[in-house]
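As a plain string of letters, each chain reads:
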Amino acid sequence: MSTPRLNSFGARRSLTVGGTRVEYFALAALAEANLGAVDRLPFSIRILLENLLRNEDGRLVRGDDVRQLAAWTAAAPAAREVPYMPARVLLQDFTGVPAVVDLAAMREAMRRLGGDPRRINPQVAVDLVIDHSVQVDRFGAAGAFAANGALEYERNRERYEFLRWGQGSLRNFRVVPPETGICHQVNLEYLAQVVFGRDEDGARLVFPDTCVGTDSHTTMINGLGVMGWGVGGIEAEAVMLGQPYYMLMPKVVGVKLTGALAPGVTATDLVLTVTEMLRAHGVVDKFVEFHGPALADLSLADRATIANMAPEYGATMGFFPVDEQTLAYLRLSGRAPEQVALVEAYCKAQGLFHTATSPEPTFSEQLALDLSTVEASLAGPKRPQDRVPLARMQAGFHEALRSAYKRDAAASVAVTEGEERYELRQGAVVIAAITSCTNTSNPSVMLGAGLLARKAVERGLTVKPWVKTSLAPGSKVVTDYLRRAGLMPALEALRFHVVGYGCTTCIGNSGPLPDAVAAAIKQGNLVAAAVLSGNRNFEGRINPLTLANYLASPPLVVAYALAGTVDIDLTRDPLGTGRDGTPVYLRDIWPSPEEVAAVVRDNVTPEQFRAQYADVFSGDERWRALPAPSGELYQWRDDSTYIKSPPFFATMTATVEPLADIAGARVLAVLGDSVTTDHISPAGSIPADSPAGKYLIGLGVPPRDFNSYGARRGNHEVMMRGTFANIRLRNQLVPGVEGGVTRHFPDGAQTSIYEAAMQYRSEGVPLLVIAGKEYGTGSSRDWAAKGTTLLGVRAVIAESYERIHRSNLVGMGVLPLQFLPGESRESLGLRGDEVYAVRGITALAPQARLEVEATAADGGVRRFTVVARIDSHVEVEYYRNGGILQTVIRAIATQ
């Protein structure tokens, strides 16, 4: 499918590293040709420019694409598509399984169209890390890890057997089995190369490591100087199949870091501050690039923590250029000396190596942060950008209790749980989880948590009995260095036993609360809290019974488990009483920076990384014992409740149908601001009384075996029933009601969103969704778009969109429309019970203005203009074809 490289700029040159000759495409050739001041471009733009320069073939990437990006203008980049060709794709299993399901379905479609199904095959390196399926069912005991692992295999056997088929039948596709680590940490510690090498035309070609991933937090790898970000599964599949990822030329926001963190302040506090600052500034669809004198002493782990949170501050990336800290981390993580030498030599030759004397790039916008101003913080109770200084946590919770939750602050419930008797009050911490890729990749905060735990145990403190504790490291290296430092016994004494190696609580796999705790929360209508070291705390995500959810550093997670409540000022109030009868304060057990630095230095070694990744793709005996189906076409099982052939290509023809306007449409849901992909397509538990739950029960699946929405993403019947089914969704067509409920028009009957959509389908009525600002924030969840289209939604009208979800809607053939600036549903007086028409689609062009007509029941008509957020000619082509995958199938079938 690929065409030869053109090298029309004469940029292919050679470099000798350690006696080995390699070739590369030199950016200097563009400067020599006076095509732009390459050395003043942001480092991230240089990497993007190299990608175009190297992949110029006259078909997918043209010489003019290179010239335009070389002339990138910081203040106002050209409104031009960039055909970016990532070197590899990173998948996690929740989003990876449906991607492989689609590839299997595409093979069938290819055969139906008369093509060779084997041509549907990854054209670039693809790694899938199984990390999203383990749940915290067992906790607080030595056998928790083994018990949760056994349950994981029991629940997910069908999915894992399917992945074994992919492992054997698809080329360029590797699977990292369960109980290894979180995909982003495995990427950081092992998969990423920083500089790639490939044998081509008798030479060794080297170039920057670049990737896209089907998880928002793929950006974590930006901390290592690797360009990468999250995309939807459908976009990732197109990249796998050799298609470019098309994006508009980005603005780059420079963030200058100065100073140093004060004692007692962690990388987590820094990232929550950065998230608040950048979300307030506005960086959606922009690259963020960090620079400044503080970089010299900012560890790679701290950089990765900041880069990980780019989706939370809204940026496409949070990039750190390659420098000495990068090389130090590559050595620490056990990379081969030859690879480290290649990274250094190539990046220096290419002008991609940052030093204190590097010219400061020209940025589109400039911000600054003095690290010494960062203070201990959490974020919550509902959004990652809502930072709360530790000193204001208690006051902030009381404010939320009054204004957001409107609950009685004095409410409490007496609980008897075995021999334990206690009062469960408002703000009780019922989940304390050290989890997530964000912080478990960072030895300073993980070992800091262990040191705090040891000091707490020495003083005689214990975790409150109502707290569900868990430790889910991002890789087995973490447990290695915690054990080597002698800190695991203290963590386990506080019931922070390892529960699994995966995302767990951060993605909603927190598991059930103990029955007595759950009953008390419901009885008292309590606002229970979760404190976790994750990156997301959106409503309904962590656990259905924790309304208040706070992000915090791992040491603070331990501290709040000891306190047992967020209704406390940890800067002034004691955590508890020591065995000597005296109060113990947080400051008494908080480890000093010197202590943390010493334990990191003495206990994190390259040998740990080499040992854990020596045979990473083989898996344990359970993985190797799974059946591995074979054949170029997957044999779908009629009785499977996990893996189903999706209907996306069932009626696809070889030719494209002409575009048509939308007429006679009804509104399925009217939604407010900051509606997340969690609201649109939940990833947590499946309620028994939901449409998805009723479907599974109808197939004989008992609720205890439901697993989660995320685990069943390979079954479109479950996922379309779960679309807009989040228990915290607020559809303004049914004010005062939470959950996946709507009204069917014109009769106005209240019903589930799924049932209404199916009734509209039987009536031949197309559907719309109307929303406010930042529609589709959160994870790069392709089912938020897939489910939307399967429900019959033809278009969404919103005030603004988050980057990934807008792109995914286009990729699934749903038209994203945007109100004009200053206009909204409210300003236009739209109720949602009107009949809608959208005109101008037949002549669709990028960012075209279309006319919408809303006719009310009394015959009144409102007309208004919207912008079609089809942002490029390529996206127009995707939309014409009915989606990105249909476009790819037709392109391959005609080659």
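Scroll up to find the structure this text is about.
How each quantity is defined
- Residues numbered from 1 in each chain as written.
- Predicted model: local features only at pLDDT ≥ 70, side-chain atom pairs only at ≥ 80, totals over all residues.
- Heavy atoms only, no water.
- Helix = DSSP H or I, 4+ residues; strand = E, 2+ residues; numbered from the N terminus.
- Buried < 20%, exposed > 50% of the residue type's maximum accessible area, 1.4 Å probe, protein only.
- Contact = heavy atoms within 4.5 Å.
- Areas by Shrake-Rupley, 256 points an atom, 1.4 Å probe, with all protein chains shown as cover.
- Lys, Arg positive; Asp, Glu negative; His and termini not counted.
- Charge placed at Lys NZ, Arg CZ, Asp CG, Glu CD.
- Pairing = 2+ DSSP bridges.
- Axes fitted to C-alpha atoms, helices over the stretch in contact; angles between N-to-C directions.
- 1 Å grid on protein atoms, 1.4 Å probe; cavity = no way out; pocket = protein on both sides within 12 Å on 5 of 7 lines; lining within 4 Å.
- Points joined across faces, edges and corners; volume = space filled by probe spheres on them.
- Nonpolar A, V, L, I, M, F, W, Y, C, P; charged D, E, K, R; others polar.
- Salt bridge = Lys/Arg side-chain N within 4 Å of Asp/Glu carboxyl O.

Q: Lay out the overall build of the protein chain in plain terms, naming residues and giving numbers.
A: When you go through the protein chain residue by residue, the secondary structure sums to 32 helices and 34 strands. Taken along its principal axes, the extent of the C-alpha atoms in the protein chain is 80 × 75 × 55 Å. A total of 895 residues make up the protein chain; the buried ones form 64% of that total. The contacts of the protein chain with a sequence gap of at least 6 include a subset with a gap of at least 24, amounting to 76%. Summing over all exposed atoms, the protein chain offers an accessible surface of approximately 30100 Å²; the carbon and sulfur share of this is 50%. Distance from the positive charge centre (89 side chains) to the negative charge centre (96 side chains) of the protein chain: 1 Å.

Q: Go over the side chain of Ser475 with me, naming the residues and quoting the values.
A: Within the secondary structure layout, Ser475 lies in the loop between strand E21 (468-471) and helix H16 (476-484). Excluding its chain neighbours within four sequence positions, the residues that come into contact with Ser475 are Thr180, Gly181, Gln185, Glu189, Tyr501 and Tyr613.

Q: Hey, could you go over the sheet that holds strand E30 (residues 793-798) for me, with residue numbers and the actual values?
A: Picture the strands of a sheet paired through backbone hydrogen bonds; they go either parallel or antiparallel. Taken in spatial order, the seven strands close into a barrel running E26-E29-E30-E31-E34-E33-E32, and their pairing is mixed. The average undirected angle you get between the axes of adjacent strands in this sheet is 35°. Strand direction decides the pairing type here: strand E33 (residues 849-855) and strand E34 (residues 861-868), joined by seven bridges, are antiparallel. Bridging from a neighbouring strand, Ala854 pairs with Arg862 of E34. Running over the sheet, helix H27 (residues 753-762) touches strand E26 (662-670) and strand E29 (767-770) and is turned about 170° from E26.

Q: Tell me about empty space enclosed by the protein, residues and numbers included.
A: With a probe scaled to a water molecule rolled over the atoms, the places where space remains empty come into view. This model, assessed by the stated rule, comprises six cavities of 30 Å³ or more. Counted as a void, the largest cavity has a volume near 200 Å³. Considering the residues around the largest cavity, the lining is formed by 22 residues, among which His132, Asp215, Ile507, Arg541 and Ser779 are closest to the centre. Taken together, the residues that form the lining of the largest cavity break down as six nonpolar, 11 polar and five charged.

Q: Break down the pattern of salt bridges for me, citing the residues and quoting the values.
A: A side chain of one charge can pair with a side chain of the opposite charge if their charged atoms are brought near each other. Following the criterion strictly, the structure yields 49 salt bridges and no others. Arg111 serves as the salt-bridge partner of Glu632, at 2.7 Å between the closest nitrogen and oxygen. Of this pair, Glu632 sits in the loop between helix H23 (621-625) and E26 while Arg111 sits in helix H4 (residues 93-112), and the two are 521 residues apart along the sequence. For Glu632, a relative accessible area of 28% translates into the label partly exposed. Connected via shared salt-bridge partners are Lys382, Glu539, Arg728, Arg730 and Glu738.

Geometric descriptors of this kind do not, in isolation, establish any biological role.
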